[in-house]
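So the chains spell out like this:
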Amino acid sequence: LASFPMDEPGASTFYETLYRNMSSGLRRMGREDEAAVYFFKMVEACRHHKSTLDWMDLWDLGLLIANRAYQAEKWDEFYKSRDIL
């Protein structure tokens, strides 16, 4: 895998996309804990070129919380995740 310093032009958007896709793929495989790690790496990459999380970031966060809550049968958290979505 290529490695770029975060301050190189375009690197933070590259890592944002890479980590978002890794998180999404792991989430679809039911590996929620690993997906959460990559989601937070994506958030760190975003901080280099965004002032706040955008709708797509919040959508991914809501899905991650909903999936984790559903698998753990934590229904209050599951229903709260809809507010993020």
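Figured I'd write up the structure that's included with this text. (Residues numbered from 1 in each chain as written. Predicted model: local features only at pLDDT ≥ 70, side-chain atom pairs only at ≥ 80, totals over all residues. Heavy atoms only, no water.)

**What to know about the overall build of the protein chain**
- Looking only at helices and strands, the protein chain has 4 helices and 0 strands in total.
- In sequence order, the protein chain lays out its α and β elements as α-α-α-α.
- Each of the 85 residues in the protein chain was classed as buried or not, and the buried ones make up 31%.
- When contacts within the protein chain are restricted to residue pairs at least 6 apart in sequence, long-range pairs at least 24 apart make up 45% of them.
- Counting only carbon and sulfur atoms, one obtains 56% of the accessible surface of the protein chain, whose full area is about 5800 Å².
- Within the protein chain, the 14 negative side-chain charges are centred at a point lying 3 Å from the centre of the 11 positive side-chain charges. (Helix = DSSP H or I, 4+ residues; strand = E, 2+ residues; numbered from the N terminus. Buried < 20%, exposed > 50% of the residue type's maximum accessible area, 1.4 Å probe, protein only. Contact = heavy atoms within 4.5 Å. Areas by Shrake-Rupley, 256 points an atom, 1.4 Å probe, with all protein chains shown as cover. Lys, Arg positive; Asp, Glu negative; His and termini not counted. Charge placed at Lys NZ, Arg CZ, Asp CG, Glu CD.)

**Digging into the packing of aromatic side chains**
- Under the counting rule described, the total for this entry stands at 9 aromatic pairs.
- Put simply, the rings of Phe 4, Phe 14, Tyr 15, Tyr 19 and Tyr 38 pair up and form one aromatic cluster. (Phe/Tyr/Trp six-rings, centres within 6.5 Å; stacked < 30°, edge-to-face > 60°.)

**Focus on the environment of His 49**
- Within the fold, His 49 resides in the loop between α2 (32–46) and α3 (55–72).
- Sequence separation between His 49 and Gly 10 is 39 residues, and the spatial gap between their C-alpha atoms is 9.3 Å.
- In terms of polar contacts, His 49 uses its side chain to reach the side chain of Ser 12, at 2.8 Å. (Polar contact = N/O pair within 3.5 Å; in protein donor to acceptor, adjacent residues only side chain to side chain.)

**What to know about the pattern of salt bridges**
- Going through the model one piece at a time under the given rule, you end up with 9 salt bridges.
- Its salt-bridge partner being Arg 20, residue Glu 16 comes within 2.8 Å of it at the nearest N-O pair. Of this pair, Glu 16 and Arg 20 both sit in helix α1 (residues 11–28), 4 residues apart, which is roughly one turn of the helix.
- Residue classification places Glu 16 among the buried positions, given a relative accessible area of 8%.
- Residue Arg 20 is classed as buried on the basis of its relative accessible area, which comes to 10%.
- When the shortest N-O distance is used, the salt bridge between Glu 16 and Lys 50 registers 2.6 Å. Of the two residues, Glu 16 is situated in helix α1 and Lys 50 in the loop between α2 and α3; the sequence distance between them amounts to 34 residues.
- Here the salt bridges do not stand alone but share partners, grouping Glu 16, Arg 20, Lys 50, Asp 54, Asp 57 and Asp 60 into one network. (Salt bridge = Lys/Arg side-chain N within 4 Å of Asp/Glu carboxyl O.)

**Quick look at the packing of α1 against α3**
- Two numbers describe how α1 lies on α3: the axes approach to 11 Å, and their chain directions differ by 25°. One way to sum up the angle between α1 and α3 is to call them roughly parallel. Between α1 and α3 lies a crossing whose hand is left-handed. Of α3, the residues touching α1 (which contributes Glu 16, Arg 20 and Arg 27) are Met 56, Asp 57, Asp 60, Leu 63, Leu 64 and Asn 67. (Axes fitted to C-alpha atoms, helices over the stretch in contact; angles between N-to-C directions. Parallel < 35°, antiparallel > 145°, perpendicular 65-115°, else oblique. Left-handed = near helix turned anticlockwise from the far one by under 90°.)

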